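Chain residues, written in single-letter form:
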Amino acid sequence: MLDVTRLRVLVAVARHGSVTGAAHALNYAQPSVSHHLSRLEAETGTKLVQRAGRGIRLTDAGRLLAERATEVIGRLDAAENELAVFNGLRAGRLRLAAFPSALGTIVPTAAAIMHEQHPTVDLRLTEAEPPEAVRMLRAGYVDVALIFRHETDDGGPRRDATLLADPADDPVGADRDDLREQVLLSEAVHLIMPDTAVIGGEPPLAEAVTELWPADLARLSGQRWIAGCDRCRSHLLRQCATAGFTPRIAFTTDDFVAAQALVTAGLGVTLLPGLALRAARNPGVRTAKLRGTRRSVVAVRYGEAPDPPATALLLDALRVAAAGAPSRTSATAEPAPVA
């Protein structure tokens, strides 16, 4: 049986890159860190660290064990917190990871609800794109991960977001047996163009166009494009491929405020989801809803039901906050023709 304390030491060495850094982080003496590493090597019968100049570095085996130890320690810390909640030792510490547009919209609303109704719950927030948020969830560093998926939208009844998502757009991956998901909202994706009525110039599309299909993006094939995170970029490339062209990507930024500023400067066009516009909308842009595709916002938890009481409270608050966000409407009217 591997000693948890020694695993913590190994993780600290991997994280800080030296015995000195690990000792400082753990508040240990340096000889104590070296002793724990030696004992862990003896327990495993494997060389875990090796000399590198005046310092040390992990061997391949050491890196592998450190990665697994990170997950194990994270789950142990999470279990300790959950047991404390059930035993009534404290109201609960909650850790939520979410992507930027959610942190700028539904998360603050949910946090305010939690603070008003359950002020003893300690809610901590971390910004993370979906793949990293899922890794943090599995490792026990957060209790809930907010992620998003781009989906096809056939206009019919909503189905499970997992079934609709493109596999390349799924941050959870094929191994989802240990995770539980709840869709909080489904939102439209919009083409973002400069509002020529405000800033002048020639409009990329006629002013009457407020909705369009992916095939209509062909009319913008000569435009420069602004791409977002890796998964948003993949979505953009798929939509343009449907229209029969590869976009000329001139700028890449994860910042939806910066993306809109680039649009208003006449430097390109882009695609943004509804939450990004709700978080911060530049008055110099106009939008056209892109039909045939939507984005789902999903709350993900680790392990089997039921959720700990504090986690259940947070999910309730997120549902209330998401209910106030723009979502699917029942309108089925055809978009204005692209001119």
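Residues numbered from 1 in each chain as written. Predicted model: local features only at pLDDT ≥ 70, side-chain atom pairs only at ≥ 80, totals over all residues. Heavy atoms only, no water.

Q: Help me understand the nonpolar core in this model?
A: When a protein is soluble and globular, its nonpolar side chains tend to lie buried together. Counting 27 residues, the largest nonpolar core has A102, I106, V107, L146, L314 and L318 as the members making the most contacts within it. For this core, the element with the highest residue contribution is helix α13 (residues 309–323), accounting for seven residues. Every residue in contact with L314, bar those within four places of it in the chain, is listed here: L94, L96, M114, L123 and V144. Residues L7, V13, L40 and L65 belong to the second largest nonpolar core, which totals 20 residues. (Core = buried A, V, L, I, M, F, W, Y, C linked by side-chain atoms within 4.5 Å. Buried < 20%, exposed > 50% of the residue type's maximum accessible area, 1.4 Å probe, protein only. Helix = DSSP H or I, 4+ residues; strand = E, 2+ residues; numbered from the N terminus. Contact = heavy atoms within 4.5 Å.)

Q: So what exactly am I meant to see when it comes to the packing of aromatic side chains here?
A: The way to describe two aromatic rings as a pair is by their centre distance and the angle between their planes. Tallied over the full model, the rule gives two aromatic pairs. Centre to centre, the rings of F99 and F148 are 5.0 Å apart; their planes meet at 80 degrees, and the pair counts as edge-to-face. Taken as a pair, F99 in the loop between β3 (93–98) and α5 (100–103) and F148 in strand β5 (residues 144–152) lie far apart in primary sequence, 49 residues in all. Here the two residues F99 and F148 agree in accessibility, since each one is buried. A centroid spacing of 6.3 Å and a plane angle of 40 degrees characterise the contact between W225 and F245, whose relative ring orientation is tilted. Here F245 lies in the loop between α10 (230–242) and β9 (248–252) and W225 lies in strand β8 (residues 224–227), a separation of 20 residues in the sequence. (Phe/Tyr/Trp six-rings, centres within 6.5 Å; stacked < 30°, edge-to-face > 60°.)

Q: Is there a simple way to think about the packing of helix α6 (residues 106–117) against α13 in this case?
A: To characterise two packed helices, one gives the angle between the axes of the helices and the distance between these axes. Where α6 contacts α13, the axes come no closer than 8 Å and their chain directions differ by 130 degrees. The angle between α6 and α13 falls in the class oblique. Judged by the twist between their axes, the crossing of α6 over α13 is right-handed. Every residue of α13 that contacts α6 at I106, T109, A110, I113 and M114 is listed here: A310, L313, L314, A317, L318, V320, A321 and A322. Tallied by class, the residues present in the contact of α6 with α13 amount to 12 nonpolar, one polar and no charged. (Axes fitted to C-alpha atoms, helices over the stretch in contact; angles between N-to-C directions. Parallel < 35°, antiparallel > 145°, perpendicular 65-115°, else oblique. Left-handed = near helix turned anticlockwise from the far one by under 90°. Nonpolar A, V, L, I, M, F, W, Y, C, P; charged D, E, K, R; others polar.)

Q: Sorry if this is basic, but what is going on with a negative patch on the surface here?
A: A surface patch of negative charge is lined by E127, D230, D254 and D255. Note that D255 resides in the loop between β9 and α11 (256–264). (Patch = residues over 30% accessible without salt bridge, like charges linked within 9 Å, V, L, I, M, F, W, Y side chains within 5 Å. Areas by Shrake-Rupley, 256 points an atom, 1.4 Å probe, with all protein chains shown as cover. Salt bridge = Lys/Arg side-chain N within 4 Å of Asp/Glu carboxyl O. Lys, Arg positive; Asp, Glu negative; His and termini not counted. Charge placed at Lys NZ, Arg CZ, Asp CG, Glu CD.)

Q: I tried to follow the environment of R224 on my own but got confused; where do I start?
A: Of note, R224 is situated in strand β8. Along the backbone, R224 and P247 are 23 residues apart, and their C-alpha atoms lie at a distance of 7.2 Å. Dropping the residues within four chain positions of it, R224 is found in contact with R248, A250, G266, L267, G268 and V269.

Q: Just checking my understanding: could you explain the side chain of D195 for this structure?
A: Positionally, D195 belongs in the loop between β6 (179–194) and α9 (196–199). The charged side chain of D195 is buried without a salt bridge, its nearest counter-charge being R286 at 5.7 Å.

Q: Where do I start with α6 in this structure?
A: An α-helical segment advances 3.6 residues per turn. Residues three or four places apart therefore align on the same side. Between the first and last C-alpha of α6 there are 17 Å, a value that for 12 residues agrees with the 16 Å anticipated at 1.5 Å per step. Listed as buried for α6 are I106, V107, A110, I113 and M114. Looking straight down α6, one finds its buried side chains confined to an arc of 125 degrees; they lie on one side. Facing away from the buried side of α6 by more than 90 degrees, the exposed set consists of H115 and E116. (Expected span 1.5 Å × (residues − 1). Arc of directions from axis to C-beta.)

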